[in-house]
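What follows is the residue order along each chain.
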Amino acid sequence: MLRYTLRRLANAAVILFIIITVTWFLLKFLPGTPFNDPKLTAQAKAALEEKYGLNDPLVVQYLRYLGNVLQGDLGTSFQLNQQPITEIIMNRLPVSAFVGLQAVLVGTVLGILLGGFSAARQNSIGDRVSTLVSVLGISVPTFVFAPLLQYYFAYQWDLLPIAFFESWEHSVLPSAALGILVLATVAAYTRTEMLEVLGQDYVLLAKAKGLSGVLVVAKHVLRNSLLPLITVIVPLAAALLTGTLVVEKVFAIPGIGEQFIASILVNDYPMILGVTIMFSIFFVLAYLVQDLLYGLVDPRIRLARGKE
């Protein structure tokens, strides 16, 4: 297991290095400049580029940035009064993580219940309604659900705040908008896996022994059906916990996604790179956890990959 873990960690480090390198060079070749304030004179722009080392050769800039990243320094923002990027991310990440965590937890629990009910009542009206909910949740974009929730629950019925992030109530609608996708995805996946497990011989044997339907589902079907959900939930959780671009913008939430969009609009390269690295670390860690969980659940997986 130790060798398997070290191999996965080495792969994760290589992937992060490639992402940082590719993103850095792509940003350098983008048109425009971070210093596009019309009030800045040519001399002032030249002074700023000299201050941030933007006149140095690309290789020098790249190696300097890479060295700083290895020391945990992501640089300072060109636009936000030279605030350290790490400080900005750490201030905004808890907000994004809180909204995303609510969406993942509630969406996963409701999705499992909905998918389980649908599989247990296959071809019934409840199954068809559940399948319709899953299809709509996966097909309709989040930016459609978000304004609808705002319009009815905040504007029409005045039940919850329409935007901003000042209390727990302000997080309900954004989490609901994100949770719909989680619920629909988990429900669809749970239904498919449960239907497959329900046809297995050991389940038929359990029924033949006289076990009740609820006991068979709880003891034999649900547990074996949920293991494949690791494939879906882990990367989905990583995406939602690190902030979502559209939902944070619609609800004016001061999270990572909202800051990422603002940075792109003003070419704040250090901020864009810092958020990209943060996103990448979360995704790489998520897949690393996923691989390790697979190895723990089924040792044949790590043995097979160890021979690659």
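- As annotated in an unreviewed UniProt entry, the protein chain carries the name Oligopeptide transport system permease protein and comes from Amycolatopsis cihanbeyliensis.
- Its UniProt record gives the protein chain a comment under Subcellular location (unreviewed entry), which states: "Cell membrane".
- Heading Sequence similarities (unreviewed entry) of the UniProt record for the protein chain holds this comment: "Belongs to the binding-protein-dependent transport system permease family."

Quick notes on the domain arrangement of the protein chain
Consideration 1: Domain boundaries assigned for the protein chain yield domain 1 (1–81) and domain 2 (92–267).
Consideration 2: The C-alpha-based centres of domain 1 and domain 2 are spaced at 35 Å.

Focus on the environment of G126
Consideration 1: Relative to the helices and strands, G126 resides in helix 5 (residues 125–139).
Consideration 2: Take G126: its relative accessible area is 22%, and that puts it in the partly exposed class.
Consideration 3: As a C-alpha pair, G126 and L114 span twelve residues in sequence and 9.5 Å in three-dimensional space.

Points about unusual backbone geometry
Consideration 1: Look at F164: it is not a glycine, yet its phi comes out positive at around 70 degrees.
Consideration 2: For F164, the location among the structural elements is in the loop between helix 6 (142–156) and helix 7 (169–198).
Consideration 3: Positive phi values are uncommon outside glycine, yet A252 reaches one of about 55 degrees.
Consideration 4: Structurally, A252 can be placed in the loop between helix 11 (245–250) and helix 12 (256–265).

Observations concerning the environment of W157
Consideration 1: Relative to the elements of secondary structure, W157 occurs in the loop between helix 6 and helix 7.
Consideration 2: Note: C-alpha distance between W157 and V104 (53 residues apart in sequence) is 26 Å.

Observations regarding helix 4 (residues 85–120)
Because the α-helix completes a turn every 3.6 residues, residues three or four places apart line up on one side.
Consideration 1: With 36 residues, helix 4 extends 50 Å from end C-alpha to end C-alpha; this agrees with the ideal 52 Å at 1.5 Å per step.
Consideration 2: The largest bend along helix 4 reaches roughly 30 degrees and is located at R92, with the proline P94 sitting one to four residues downstream.

Side note on the nonpolar core
Consideration 1: Formed by 25 residues in total, the largest nonpolar core has its most connected members in Y65, L74, I89 and I256.
Consideration 2: Every element with two or more residues in this core is listed here: helix 1 (2–28), helix 3 (58–70), helix 4, helix 12 and helix 13 (269–297).
Consideration 3: When residues of this core are assigned to domains, at least three map to each of domain 1 (1–81) and domain 2 (92–267).
Consideration 4: Excluding residues that lie within four positions of it along the chain, I89 makes contacts with L74, I256, M271, G274, V275 and M278.
Consideration 5: V99, V182, L236 and L240 belong to the second largest nonpolar core, which has 21 residues in total.

Quick look at the pattern of salt bridges
Consideration 1: The final tally for this structure, using the stated rule, is three salt bridges.
Consideration 2: The salt bridge involving R92 is made with E258; its shortest N-O contact spans 2.9 Å. Here the residue R92 occupies a position in helix 4, and E258 occupies one in helix 12, the gap between them amounting to 166 residues. For the pair R92 and E258, a shared accessibility class is recorded, and that class is buried.
Consideration 3: Between D127 and R191 there is a salt bridge; the shortest N-O distance is 2.8 Å. Residue D127 is located in helix 5, and its partner R191 is located in helix 7; the two are separated by 64 residues in the primary sequence.
Consideration 4: For D127, a relative accessible area of 3% corresponds to the buried category.

Topic: the UniProt feature "transmembrane region" (unreviewed entry) in the protein chain
Consideration 1: On the UniProt side, "transmembrane region" (unreviewed entry) is annotated at positions that read residues 12–30, 97–117, 129–152, 172–190, 227–247 and 268–289 here.
Consideration 2: Summarising residues 129–152: 92% helix, 0% strand, and an end-to-end C-alpha distance of 22 Å.
Consideration 3: Segment residues 268–289 splits into 95% helix and 0% strand. End C-alpha atoms: 32 Å apart.

Scoring rules and cut-offs
Residues numbered from 1 in each chain as written. Predicted model: local features only at pLDDT ≥ 70, side-chain atom pairs only at ≥ 80, totals over all residues. Heavy atoms only, no water. UniProt positions renumbered as here; feature names shortened; annotations may be inferred. Domains from an automatic or database assignment. Helix = DSSP H or I, 4+ residues; strand = E, 2+ residues; numbered from the N terminus. Buried < 20%, exposed > 50% of the residue type's maximum accessible area, 1.4 Å probe, protein only. Expected span 1.5 Å × (residues − 1). Bend = angle between axes of the 7 residues up to and from the residue. Core = buried A, V, L, I, M, F, W, Y, C linked by side-chain atoms within 4.5 Å. Contact = heavy atoms within 4.5 Å. Salt bridge = Lys/Arg side-chain N within 4 Å of Asp/Glu carboxyl O.

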